[in-house]
Amino acid sequence: MIQVKNLVKRYGNLLALDHFSLDVLDGEIFGLLGPNGSGKTTAINCMLSLLTYDKGEISLFGRPMSPTNYQNKQEIGVVMQNVAVFNELTVYENIDYFCGLYVPEKRRRRELVEQALDFAGLQEYRKFLPGKLSGGLLRRLNIACGVAHQPKLIFFDEPTVAVDPQSRNSILEGIRKLNQDGATIVYTSHYMEEVEQLCSRIMIMDHGKELNTGAPAELKSMIRGGEKVTVELPTLPPAVLENIRELEDVERADYNGLSLKAACRTGGHGLIQILDLLRKNHLGFGRVFSEPPTLNDVFLEITGRELRD
Amino acid sequence: MFWNIYSKRLISTLRDKSTLVWTWVFPLVMATLFYFAFTSLDSVDQFHTIPAAVVAEGGEQEAQAFRQVLESVSEQGEDQLFSLQTTASREEAEQLLDQGKIDGFFMTDNQEPTLFVKKNGLNQTIMKAFLDQYLQDQEAVITIIHESPEQAGKLQTLFSRESFTKEISLAENPPTNKINYFYALIAMVCLYGSFQGLTSVSCLQANLSPLGARRCLSPVSRFVMVSADLLAGVTAHMLSLLVLLAYLILVLNVNFGGKTALILLTSLAGCVTGVSFGALVSVCTKMKEAAKTAVLVSVSLACCFLAGLMVSGINYTVAKNAPVLAWINPAARITDAFYCLYYYDTYDQYFLNILVLLLMAAVMTGLTAIFLRRQQYESI
């Protein structure tokens, strides 16, 4: 569906995309995960021929992409990071306008607009101007405008930024439905939880480069770490912390004055060993948490820093 | 597809509050202010009778003759020169002069009539000229009667004041100063169309707005998109001009000398030129929208200034010293077209102005299309 080879994009002296390559398969939800400024939006804008690039090849639907390749553009839907609607047009008119750029036939367009209103849950707001909508509804309008013409390939560029949890779930549900209806999705976000639960394959990128690509489970299996343990305790003498770090199944451990955080080895018994050691040293503790590794851990493992840094 | 883009764009423009204020309400407010400010402008040049007095002293034949002449030019009618009062004494006349009720008074008690005024001014000058003329004529009559009594029969020709030139109007309409300000207002509103052009093109530039970026991704050529947008801009702006013209003609009763169809044609040509000018400025300058707006305002004001819409006479200086600049100045062409309609009874100059405006619009729209077609972004 999408093939990008050795894409290089510079903004002056800044290398935004460094020999970036990508393959998106037909029918999948492909996630581009990376911190802010990692090059996700630049990559998408290059794929859409919105930006010029210095080197590389991009083809969509097996055809080279260019600003005047209207055949490709006809089959693409885009939901941009920033809401892009006319403030003076109502919800219905906005969807009708953007759908009309792809579907000239009026009757067909009317059906599609109604479907988009249903899809985005905007039926009761159809006569509202965008200025009267909440942030979440505005995002849903943005999505409805981008997908109303039922494209085969849809780019979602951080569609849930600044959206409340309820609207976020609704948006993610909608994206899943679009995929079930046959659309291939490219989804960018720096929210690892979203990407993890939504995408069939994920590319983790940073500094304009691919760091790793695979299914969420594959990516998580790449890291050495197993479960992450958090123990709330008021004091932890440095000697005891040192003993914890020396435990067989503990990869690393840190104490911040309130809680102990430890990364354990895969398949080990780190949690049991840590709690035993604390009891032996007569150290009382509060709540204990244990969670499996996340994509953030994968990112941390690869880059040494957190996704949201 | 074109209709969809055009109609939505038109609706969007007509609902835009800032457009509503600047292109609909503001010109109406300006028109009303102009109307009240310049209503008396045309009456400034009209002659008003001069309040004067004559002291009824001196019963000699010369004094009576002079008073008779004064009374004859003070009779009500088109040729009335003075609003004359007759006072019994000089003191009474001086009192009227002090109170400002008269501009001067004549005394006839001496050998020849004399004029008394308190200050200099147009009316006082006219009174002095009247007296001088009377004395000159009196002297001529006495000389002729004394030296050539046989020519006395021809004295009538001396006072006939026959003019050998005739004042005619070049057009059906009387000259008026007030109308120029309304032309200026219409020309300014036409150039305000540039903001429509600016908005239309800005909404198609990915580096200026998310909406521009979103529209660039659609499978519609930029030429179709910008054509529909500009046409919607012209339509919306022309509607505002129609409202302004209707207000001027029907409410304020401004006389544009008839020729409504040609007035509308001028407005349309000016509107198209204004919109295409804004589009060109928007597409060929790499600035943010606020900076582009500032450029448009500055250029529009400069055009209006060079067209003589702020300082009277500048347009003649420009036309004499920089004729090319005068010809490519849309404000100058719009106002000149209106002048031609109002004052001339032929249409050659008028249609030349319209042709120049439409040519400028065509060139600017063509350049906009070329720039847009080639426009790609290194960053957005």
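Residues numbered from 1 in each chain as written. Chains lettered and ligands numbered in written order. Predicted model: local features only at pLDDT ≥ 70, side-chain atom pairs only at ≥ 80, totals over all residues.

A. Expanded view of the overall build of chain A. Per the secondary structure count, chain A includes 11 helices and 14 strands. With respect to the three principal axes, the spread of C-alpha positions in chain A is 75 × 45 × 35 Å. Relative to its full complement of 309 residues, chain A shows a buried share of 43%. The long-range share in chain A, meaning contacts at least 24 apart out of those at least 6 apart in sequence, stands at 66%. (Helix = DSSP H or I, 4+ residues; strand = E, 2+ residues; numbered from the N terminus. Buried ≥ 20, exposed ≤ 12 C-beta atoms within 10 Å, placed from the backbone. Contact = placed C-beta atoms within 7 Å.)

B. Structural context of the overall build of chain B. In terms of helices and strands, chain B carries 15 helices and four strands. Each of the 380 residues in chain B was classed as buried or not, and the buried ones make up 36%. Within chain B, residue pairs in contact and separated by at least 24 positions form 71% of the contacts whose partners lie at least 6 positions apart.

C. Here's a closer look at the sheet that holds strand E10 (residues 209-214) of chain A. Residues and elements named next belong to chain A. The mixed open sheet is built from six strands, whose spatial order is E6-E7-E8-E3-E9-E10. Strand pairing shows two members of the sheet lacking a second neighbour, strand E6 (76-79) and E10, which therefore form its edges. Taken pair by pair, the neighbouring strands of this sheet meet at an average axis angle of 15°, ignoring direction. Sheet topology places strand E3 (residues 29-33) next to strand E8 (residues 184-189); five bridges connect them, and they run parallel. (Pairing = 2+ DSSP bridges. Axes fitted to C-alpha atoms, helices over the stretch in contact; angles between N-to-C directions.)

D. Highlighting the UniProt feature "transmembrane region" (unreviewed entry) in chain B. Per the UniProt record, the feature "transmembrane region" (unreviewed entry) sits at residues 20-38, 181-204, 224-250, 262-283, 295-318 and 350-372 of chain B. Taken end to end, residues 224-250 of chain B has its terminal C-alpha atoms 38 Å apart, with 100% of it in helix and 0% in strand. (UniProt positions renumbered as here; feature names shortened; annotations may be inferred.)

E. The interface of chain B and chain A, seen in detail. Facing 22 residues of chain B, the contacting portion of chain A comprises 24 residues. Those elements giving two or more residues to the side of chain B that touches chain A turn out to be helix H1 (2-15) and helix H8 (210-216) of chain B. Among the residues making up the side of chain B that touches chain A, the classes are represented as 12 nonpolar, five polar and five charged. (Nonpolar A, V, L, I, M, F, W, Y, C, P; charged D, E, K, R; others polar.)

F. The domain arrangement of chain A, seen in detail. Under the domain assignment, chain A is made up of domain 1 (2-220) and domain 2 (224-292). If you average the C-alpha positions of domain 1 of chain A and of domain 2 of chain A, the two centres end up 42 Å apart. (Domains from an automatic or database assignment.)

G. Focus on the sheet that holds strand E4 (residues 55-60) of chain A. Read across the sheet, four strands follow the order E2-E1-E4-E5 (chain A) without closing on themselves; strand pairing throughout is antiparallel. The open sheet has two free edges, formed respectively by strand E2 (14-24) and strand E5 (63-64) of chain A, since each of these has just one partner strand.

H. Representation of the pairing of strand E9 (residues 201-206) of chain A within the structure. All names here are of chain A. Of the strand pairs in this sheet, E3 and E9 are connected by four bridges, and their pairing is parallel. The partner of Gly31 across the bridge, within E9, is Ile202. Linking E9 back to E10 in an antiparallel pair, the connection comprises two residues, with His207 at a positive phi of about 50°.

I. Inspection of the packing of helix H9 (residues 222-251) of chain B against helix H10 (residues 260-284) of chain B at higher detail. All names here are of chain B. With their axes 9 Å apart at the nearest point, H9 and H10 run at an angle of 140° to one another. Classified by the angle their axes make, H9 and H10 are oblique. Remark: the crossing between H9 and H10 carries right-handed chirality. Touching Leu230, Gly233, Val234, His237, Met238, Leu241 and Leu245 of H9 are Ile263, Ser267, Leu268, Cys271, Val272, Val275, Ser276 and Ala279, all from H10. Residue composition of the contact of H9 with H10, grouped by class: 11 nonpolar, four polar and no charged. (Parallel < 35°, antiparallel > 145°, perpendicular 65-115°, else oblique. Left-handed = near helix turned anticlockwise from the far one by under 90°.)

J. Representation of the confidence of the model for chain A within the structure. Confidence in the prediction of chain A, expressed as mean pLDDT, is 87, and 97% of residues score 70 or more. Ranking the elements of chain A by mean pLDDT puts helix H11 (residues 295-303) of chain A last, at 74, and helix H3 (residues 91-100) of chain A first, at 95. (pLDDT = per-residue confidence, 0-100.)

K. Expanded view of unusual backbone geometry. Residues and elements named next belong to chain A. With a phi close to 50°, His19 is a non-glycine residue in the positive phi region. Relative to the helices and strands, His19 is located in strand E2. Even without a glycine there, the phi angle at Glu158 is positive, about 45°. Of note, Glu158 is situated in the loop between strand E7 (153-157) and helix H6 (165-180).

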